[in-house]
Amino acid sequence: MAIKHIRSKWNGTMTDRERFNRQMHYKSVDRCFNMEFGYWDENFDLWDIFVDNGIRSNEQAAEFFSFDRFEIIGGVCDLHPAFEEKVIEDRERTVIMQNTDGLLAEVTKGSASIPHYMKSSIVTPEDWKRVKEEKFVRNDPARKVDIAALKQNHPADRDYALGVDCGSMIGRIRDMLTFEGTAYACYDYPDMVEDMVETRCVLIEDFLDQVLPHFDFDFASGWEDICYKNGPIVSVNFFKEVVMPRYKRINKKLKEYGIDVWYTDCDGDVRPILPYLLEGGINCLFPYEVNSCAHPAELLDEYGRDLMIMGGIDKMQLKAGKDAIKDYLKSVERLVARGGYIPFCDHRCPPDVSVENYLYYLDLKEKMFGMK
């Protein structure tokens, strides 16, 4: 489907790739890199600008708003095949089902609310041994990367930023064990959890060994999501002793190929584990959730050029009105000017942000951070 653009691309004299690399390395740029993290699924049904123009996905929305191009190459570094998604019991208002992570969940009919997770397929080391043998096979043909196809899709002379996905060390394990299950497992079966982390690390290393020699990547990405408003769901010592050493192994491979920007997506208050993220090689936070942590200036002032942030525009201010939006953008103005920071909404933009406010935010961002 041809996308009709609602906004023109910001004027510029650099390619998107040049701009991204210079901005993230504290060098002068023609204007700020322009991107957004995306939108809740509900936005595509509730926002008239999306409904009227047939926009049904974040990818389509990025083109619709003419954002700068930003892409990532990933591999099959997770469980494969996934668990069968199936209904176990159909109740009056809810459905008991098994999801693709093997979790038994109670889902409210007609609601997008988070399911109530009842049980994991992995509780004991014996469970993990079985799942590992079935779904984490290193030589699974699905883990073989089609380099030729990727090169065709992402030519060497591309003009956009391209990243390599370094997956998740512990966040996806949280998905497989549940929040509560992860907490118990770290205490009851620490060796099992460490083997789960090691298994994921090896699969990511295998993927990187396949792709790094063939592409000149601009950054690396990752996903953890193991923090909430009171900090990480695993102990800081576990993170330091078990997770961080695996980051170091991955970072060694990235550095060998000149990749020195590595972000991870971790909501919540990351401050207790941030020193160990940095020591492990992850030097950028994305999309940096503000309300459960702090204003991005606090961390950037504390860590200087050791830390970069992408995101950090408080979504609560986007729904608070134009004055609040203007005040917040002014509060990050010096961060944009300094470099190592790209401003966008600190998570998927929720539907309770009005279209009027959102378009005002986009226009003001261009006025403040676009070409003068």
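Details of the structure are given in the entry above.
Residues numbered from 1 in each chain as written. Predicted model: local features only at pLDDT ≥ 70, side-chain atom pairs only at ≥ 80, totals over all residues. Heavy atoms only, no water.

> Help me understand the nonpolar core, please; the structure alone is not making it clear to me.
In globular proteins that are soluble, nonpolar side chains generally tend to be buried together. The biggest cluster of nonpolar side chains holds 117 residues, and the ones touching the most others in it are Tyr39, Phe50, Phe65, Val164, Leu254, Met310 and Tyr358. Examining the composition of this core, we find that 10 residues originate from one element, helix α9 (residues 190-211), more than from any other. Phe50 has contacts with Tyr39, Asn43, Phe44, Ile55, Ala61, Phe64 and Phe65, leaving out every residue within four places of it along the chain. (Core = buried A, V, L, I, M, F, W, Y, C linked by side-chain atoms within 4.5 Å. Buried < 20%, exposed > 50% of the residue type's maximum accessible area, 1.4 Å probe, protein only. Helix = DSSP H or I, 4+ residues; strand = E, 2+ residues; numbered from the N terminus. Contact = heavy atoms within 4.5 Å.)

> Just to check I follow, could you spell out the sheet that holds strand β4 (residues 104-108) for this structure?
Each strand in a sheet pairs with another by means of backbone hydrogen bonds, the pair being arranged parallel or else antiparallel. Here four strands make up an open sheet; going across it, the order is β2-β3-β4-β5 and the pairing antiparallel. Looking at which strands have only one partner, the edges of the open sheet turn out to be β2 (86-90) and β5 (116-119). When the angles between neighbouring strand axes are averaged without regard to direction, this sheet yields 30°. Pairing between β4 and β5: three bridges, direction antiparallel. Within β5, the position partnered with Glu106 by the bridge is His116. (Pairing = 2+ DSSP bridges. Axes fitted to C-alpha atoms, helices over the stretch in contact; angles between N-to-C directions.)

> Any chance you could explain the sheet that holds strand β11 (residues 284-286) here in plain terms?
Reading across from one edge, β10-β11-β12-β13 is the order of the four strands in this open sheet, with parallel pairing throughout. Edge positions in the sheet fall to β10 (263-265) and β13 (341-342), since each has one partner strand and no second.

> Looking at this model, I keep getting lost on the packing of aromatic side chains. Mind explaining?
Aromatic rings in a pair are described by how distant their centres are and how their planes are angled relative to each other. In total, this model carries 29 aromatic pairs according to the counting rule given. Each ring, one from Tyr39 and one from Phe44, has its centre 6.3 Å from the other, and the planes form 75°; the classification is edge-to-face. Accessibility expressed as a relative area gives 3% for Tyr39, which makes it buried. For Phe44, a relative accessible area of 3% puts it in the buried group. When the ring of Tyr263 is compared with that of Phe286, the centres are 4.2 Å apart and the planes differ by 10°; the resulting orientation is stacked. In this pair, Tyr263 is assigned in strand β10 and Phe286 in strand β11, connecting sequence segments 23 residues apart. Overall, the relative accessible area of 4% leaves Tyr263 in the buried class. What makes Phe286 buried here is its relative accessible area of 5%. (Phe/Tyr/Trp six-rings, centres within 6.5 Å; stacked < 30°, edge-to-face > 60°.)

> Help me out: how do you make sense of helix α1 (residues 16-24) in this one?
Residues spaced three or four apart along an α-helix face the same direction, because each turn holds 3.6 residues. Within the span of α1, buried status applies to Asp16, Arg17, Arg19, Phe20, Gln23 and Met24. In a view along the axis of α1, the buried residues occupy a sector of 165°, so they form one face of it. After α1 finishes, the residue Tyr26 shows a positive phi value of roughly 60°. (Arc of directions from axis to C-beta.)

> Whenever I open this one, the environment of Asp301 confuses me. Can you help?
Relative to the assigned elements, Asp301 resides in helix α12 (residues 296-303). We classify Asp301 as partly exposed; its relative accessible area is 45%. Put simply, Asp301 and Leu104 are 197 residues apart on the chain and 44 Å apart in space, counted from C-alpha to C-alpha.

> Any chance you could explain the pattern of salt bridges here in plain terms?
Pairing of side chains with opposite charge becomes possible as their charged atoms draw close. A complete count under the given rule lists 37 salt bridges for this structure. In this structure, Glu106 and Arg91 form a salt bridge, with 3.4 Å as the shortest nitrogen-oxygen distance. Of the two residues, Glu106 is situated in strand β4 and Arg91 in the loop between β2 and β3 (94-98); the sequence distance between them amounts to 15 residues. The exposure class of Glu106 is partly exposed, given its relative accessible area of 22%. Residue Arg334 pairs with Asp301 through a salt bridge whose shortest N-O separation is 2.7 Å. You can see Arg334 sitting in helix α15 (residues 333-338) and its partner Asp301 sitting in helix α12, a full 33 residues away along the chain. (Salt bridge = Lys/Arg side-chain N within 4 Å of Asp/Glu carboxyl O.)

> Is there a simple way to think about the side chain of Asp269 in this case?
For Asp269, the location among the structural elements is in the loop between β10 and α11 (274-280). Side-chain polar atoms of Asp269 contact the side chain of Arg271, separated by 2.9 Å. Among residues more than four places away in sequence, those in contact with Asp269 are Cys227, Tyr228, Lys229, Gly231, Pro232, Ser292 and Cys293. (Polar contact = N/O pair within 3.5 Å; in protein donor to acceptor, adjacent residues only side chain to side chain.)

> It is not clear to me how the state of the cysteines should be interpreted in this structure. Could you clarify?
Simply put, the disulfide is a covalent bond whose two ends are the sulfur atoms of two cysteines. Evaluated as defined, the whole model comprises zero disulfides. Just so you know, Cys32 is unpaired, no disulfide at all, and the nearest cysteine sulfur is the one on Cys284, 13 Å from it. For Cys32, a relative accessible area of 4% puts it in the buried group. (Disulfide = S-S within 2.5 Å.)

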